[in-house]
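Fold and contact review
Residues per chain are reported as follows:
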Amino acid sequence: MKNQKGFINIELIITLILILILLTTIINLNHQQYEIIDETQNRKQARLIVDDITQIINTQNTHPEGYMTTYTMPDKINNETYILIVNETHISINSHYQIASSKLQKTNIKPKKHILTPGNTYQFKTKNKTIYIIDE
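To start, this report covers the structure provided alongside it. Starting afresh in each chain, residues are numbered from 1 along the sequence in its written order. Local features in a predicted model are, by the rule used here, given only for residues with pLDDT of at least 70; side-chain atom pairs are given and counted only at 80 or more, and totals for whole chains, interfaces and linings are based on all residues. Only hydrogens and water are set aside when side-chain values are computed; all heavy atoms of the structure are taken into account.

Overview of the nonpolar core
Note the following rule: Residues belong to one nonpolar core when they are buried, are Ala, Val, Leu, Ile, Met, Phe, Trp, Tyr or Cys, and are joined through side-chain atoms within 4.5 Å. Buried, partly exposed and exposed residues are distinguished by accessible area as a fraction of the type maximum, computed with a 1.4 Å probe on protein chains only: under 20%, between the cut-offs, and over 50%, respectively. Helix numbers and strand numbers start at the N terminus; a helix is a DSSP run of H or I with at least 4 residues, a strand a run of E with at least 2.
The biggest cluster of nonpolar side chains holds 22 residues, and the ones touching the most others in it are I53 and L84. Listed by contribution, the elements that provide at least two residues to this core are α1 (2–62), β2 (83–87), β3 (90–95), β7 (121–127) and β8 (130–135). For this core, the element with the most residues is α1, which contributes 6 residues.

Here you go:
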């Protein structure tokens, strides 16, 4: 009789250990999924800024002489600083190791390479088939 009680206690202990291992695994998988979702959200915000600037520059190419658009850069992306670089062929952003980029239509931009910084407002103006990026 005592052997059966000891056997039941061992089964109970083994069952509890297996349940703890299973719960730990489930919690770990959920944490990993949360990190993936959070990282995707970070990339989304950087991607949206790149898409906005790309659309502004590509739109400038199709509008008449003197057309102007103003854009204010967000202060931060996901509470992190960032740098956005515009040149004649593409736009790229680097925000705390999150990189997004976009190719531009054939464009003449002055200056040839421009760094847009957080919190600043920029004017995109077309003159003589050239797009000028001007800090306000």
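Structural notes on the pairing of strand β1 (residues 68–72)
Counted only if it meets this: One bridge is not enough; two strands pair if DSSP finds at least two bridges between them.
Burial of β1 is one-sided: the residues T69 and Y71 facing one way are buried, the residues M68, T70 and T72 facing the other way are not. As judged from the 5 bridges shared by β1 and β7, these two strands associate in the antiparallel manner. Bridging from a neighbouring strand, Y71 pairs with Y122 of β7.

Let's talk about the sheet that holds β2
Note the following rule: In this analysis an axis means a line fitted to C-alpha atoms, helices contributing only their contacting stretch, and an angle means the value between N-to-C directions, from 0 to 180 degrees.
Taken in spatial order, the 4 strands line up as β4-β3-β2-β6 in an open sheet, and their pairing is antiparallel. Lying at the two open borders of the sheet, with one neighbouring strand each, are β4 (98–103) and β6 (113–116). Adjacent strand axes in the sheet meet at a mean angle of 15° when their direction is disregarded. Pairing analysis gives 4 bridges linking β2 to β3, with the strands arranged antiparallel. Among the inter-strand pairings, L84 is bridged to a residue of β3, identified as I93.

As for the sheet that holds β7
Within the open sheet, the 4 strands sit side by side as β1-β7-β8-β5. Their pairing is mixed. In the strand order of this sheet, the two ends are held by β1 and β5 (109–110), each with one partner. In terms of strand pairing, β7 meets β8 through 6 bridges, oriented antiparallel. Across the sheet, K127 pairs through a bridge with T130, a residue of β8.

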